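Okay, here's what each chain looks like letter by letter:
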Amino acid sequence: MSDCIVIGGGVIGLLTARSLHLAGLDVLLVERGNLGGESSWAGGGIISPLYPWRYSDAVNRLAEQSKTLYPELAAELQSESGVDCELLNSGMLYTDTDELEVARAWGQKWNQNLELITDRQMLERIEPALHPDIERAIWMPDIRQIRNPKLVQALRSSLQTRGLRCIEHTEVKEILSSGGKVLGVRTAEQDLLADKVIVASGAWSARVMQGLGKIDVEPVKGQMLMFHGEPDQIRTMVLSQGHYIIPRRDGRVLAGSTLEKTGFEKQITDEATKTLSADAAALVPLLAELPIERQWAGLRPGTVNGIPYICAHSEIEGLYVHAGHYRNGIVLGPASAQLLTEIVLGEKTFCDTSDYSMSAAH
Ligand SMILES: Cc1cc2nc3c(=O)[nH]c(=O)nc-3n(C[C@H](O)[C@H](O)[C@H](O)COP(=O)(O)OP(=O)(O)OC[C@H]3O[C@@H](n4cnc5c(N)ncnc54)[C@H](O)[C@@H]3O)c2cc1C
């Protein structure tokens, strides 16, 4: 018997398990595959929604809270696991500038550093590899990135060091409840009992919840390319028309990503290779010369507005939903785990929770 079972070991489940463990609960995490092996590994690790001004306050307030939590989290994880998650201040250049006024208003509201750059020399100082035809861009110098595969590796190791129990390669088949109260979960091998159960199963969360109330979370496939470059060839993240590049510290460069509603399949396609590489080279021509080392796809836990569920179940006592972070699970994760922990413990929450409830629009 545990205090709490977390279903799913992506970044959301891992952060939630760690946070509840730190709060003193006896936590068991159950993962169908490898910890962190799905969307949380496949993502880009930009610590900001792509165009934050297009999102609601419900998303922005979590993003802002996470941004303040990340430096300490990354330092704690490094000391607990020895893994450097590569939290880097690379900044982001937005070469599409048509939403400048809305972006400026957003920047003022959320106190974010944001400026329009129209001087080509200045743009070259920020990113010497930028395409020569680009003459204006919105510059947000404070946007960070984290190397998400290292983040999940560090979280995994942190949980092990802390003695938190994780069962991998074990699928939860059913959530057990009786008389309006949760009892635990059923796997193929056994029933695991707990007072509280948290659904943090990413794109599969609606399936895991089947028969226990509807949540609107569906898989949205995203494909990504990785180029093999040298360190410091490209410095900043660059974004245009929803496609971006993310230069890693070791010289690898990610180019993403597609948005495809094709169910639970994760095939990579030649069409995505062509589109993503052409769009990346239109931002930084050097990328046309670099070899593509790898291409992959992940399933984002999609919601219509990108607002996650962070809530107690409306009818079943002890059941909680922590899912639907869509394109922003890495950026929202730390704040979202903090909020869910406060809800589980019945503590004062750091923000209003109504936007994240089962009955709110997501
Ligand atoms: C291409 C791409 C780019 C992205 N870029 C960014 C970015 O730059 N910044 C950002 O913030 N976000 C980004 N994201 C989104 C981010 O990756 C996701 O929002 C986040 O990883 C969701 O985390 P999660 O833990 O909810 O889901 P997942 O990581 O998918 O984890 C869910 C876990 O639940 C497990 N599971 C499912 N069913 C069961 C079951 N029945 N029993 C046990 N376990 C189960 C799965 O095996 C899985 O490991 C990107 C995503 C993609 C695909």
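No experiment lies behind these values; they were computed from the predicted model shown. (Residues numbered from 1 in each chain as written. Predicted model: local features only at pLDDT ≥ 70, side-chain atom pairs only at ≥ 80, totals over all residues. Heavy atoms only, no water.)

Asker: I would appreciate a short explanation of the sheet that holds strand 13 (residues 252-256) in the present structure.
Answerer: Strand order in the open sheet made by the eight strands is 4-5-3-11-12-13-10-14, with mixed pairing throughout. Strands with a single pairing partner mark the edges of an open sheet, and in this sheet they are strand 4 (115-117) and strand 14 (292-302). Mean inter-strand twist for the sheet, computed between neighbouring axes without regard to direction, equals 25°. Note: strand 3 (residues 92-94) against strand 5 (residues 137-140), three bridges, orientation antiparallel. Each bridged residue has a counterpart across the sheet, and for L93 the counterpart in strand 5 is W139. In the packing of helix 8 (residues 270-283) onto the sheet, contacts are made with strand 10 (218-228), strand 11 (237-240), strand 12 (243-247), strand 13 and strand 14, and the angle to strand 10 comes to roughly 55°. (Pairing = 2+ DSSP bridges. Helix = DSSP H or I, 4+ residues; strand = E, 2+ residues; numbered from the N terminus. Axes fitted to C-alpha atoms, helices over the stretch in contact; angles between N-to-C directions. Contact = heavy atoms within 4.5 Å.)

Asker: Whenever I open this one, the nonpolar core confuses me. Can you help?
Answerer: V6, V11, L151, I198 and Y356 are the most contacted members of the largest nonpolar core, which has 46 residues in total. Residue assignment for this core shows that the elements contributing at least two residues are strand 1 (2-7), helix 1 (11-22), strand 2 (27-30), helix 3 (57-81), helix 6 (148-161) and helix 9 (329-345). The element contributing the most residues to this core is helix 9, with nine residues. Here V6 is in contact with G13, A17, V27, L28, L29, V30, I198 and A200, once residues within four sequence places are set aside. Counting residues in hydrophobic clusters, the runner-up holds 24 residues, among them I175, C311, V321 and M358. (Core = buried A, V, L, I, M, F, W, Y, C linked by side-chain atoms within 4.5 Å. Buried < 20%, exposed > 50% of the residue type's maximum accessible area, 1.4 Å probe, protein only.)

Asker: Is there a simple way to think about helix 1 in this case?
Answerer: Given 3.6 residues per helical turn, the α-helix brings residues three or four places apart onto the same face. Here helix 1 is 12 residues long and its end C-alpha atoms lie 16 Å apart, about the 16 Å a rise of 1.5 Å per residue gives. Those residues of helix 1 that sit buried are V11, I12, G13, L14, L15, T16, A17, R18, S19 and L20. (Expected span 1.5 Å × (residues − 1).)

Asker: In this structure, what is going on with the packing of aromatic side chains? I would like to understand it.
Answerer: By convention here, two paired aromatic rings are described through the distance between centres and the angle between planes. Counted according to the given criterion, the structure contains six aromatic pairs. With 5.0 Å between their ring centres and 55° between their planes, W41 and W296 make a pair best called tilted. You can see W41 sitting in helix 2 (residues 39-42) and its partner W296 sitting in strand 14, a full 255 residues away along the chain. For W296, a relative accessible area of 9% puts it in the buried group. Relative to Y94, the ring of W53 has its centre 5.1 Å away and its plane inclined at 50°; by these criteria the two rings are tilted. Of this pair, W53 sits in the loop between helix 2 and helix 3 while Y94 sits in strand 3, placing them 41 residues apart in sequence. Both residues of the pair, W53 and Y94, count as buried. The lysine or arginine in question, R32, covers the ring of W204, its NZ or CZ lying 4.5 Å from the ring centre. Directly above the aromatic system of Y51 lies the positively charged group of R54, at a separation of 3.8 Å from the ring centroid. (Phe/Tyr/Trp six-rings, centres within 6.5 Å; stacked < 30°, edge-to-face > 60°. Lys NZ or Arg CZ within 6 Å of the ring centre and 35° of its normal.)

Asker: What should I look at first to understand the site of the ligand in this one?
Answerer: The environment of the ligand is made up of 39 residues, and the closest members are E31, S40, I46, Y326 and V331. Interatomic distance of 2.5 Å between a side-chain N/O atom of S40 and an oxygen atom of the ligand. Here an oxygen atom of the ligand and a backbone polar atom of V331 are 2.8 Å apart. For the ligand, whose accessible area on its own is 1000 Å², the fraction buried by protein is 98%. Elements with a contribution of two residues or more to the shell around the ligand: helix 1, helix 2, strand 10, strand 14 and helix 9. For the shell around the ligand, a count of residues per class yields 16 nonpolar, 17 polar and six charged. (Near = heavy atom within 4 Å. Polar contact = N/O pair within 3.5 Å; in protein donor to acceptor, adjacent residues only side chain to side chain. Areas by Shrake-Rupley, 256 points an atom, 1.4 Å probe, with all protein chains shown as cover. Nonpolar A, V, L, I, M, F, W, Y, C, P; charged D, E, K, R; others polar.)

Asker: How should the pairing of strand 12 be read in this particular structure?
Answerer: A regular strand places its side chains on the two faces of the sheet in alternate fashion. With respect to burial, strand 12 is a largely interior element, five of its five residues being buried. Burial of strand 12 is two-sided: the residues H243, I245 and P247 facing one way and the residues Y244 and I246 facing the other way are all buried. Relative to strand 12, strand 11 is paired through three bridges, and the arrangement is antiparallel. Considered in strand 12, the bridge of V238 is made with I245. Hairpin connection, strand 11 to strand 12: the antiparallel pair is bridged by two residues, and Q241 has positive phi, about 50°. Two strands pair when backbone bridges link them, and strand 12 and strand 13 are joined in this way by four bridges, in the antiparallel orientation.

Asker: What am I meant to see in the environment of V304 here?
Answerer: On the secondary structure map, V304 appears in the loop between strand 14 and strand 15 (309-312). As a C-alpha pair, V304 and H362 span 58 residues in sequence and 5.8 Å in three-dimensional space.

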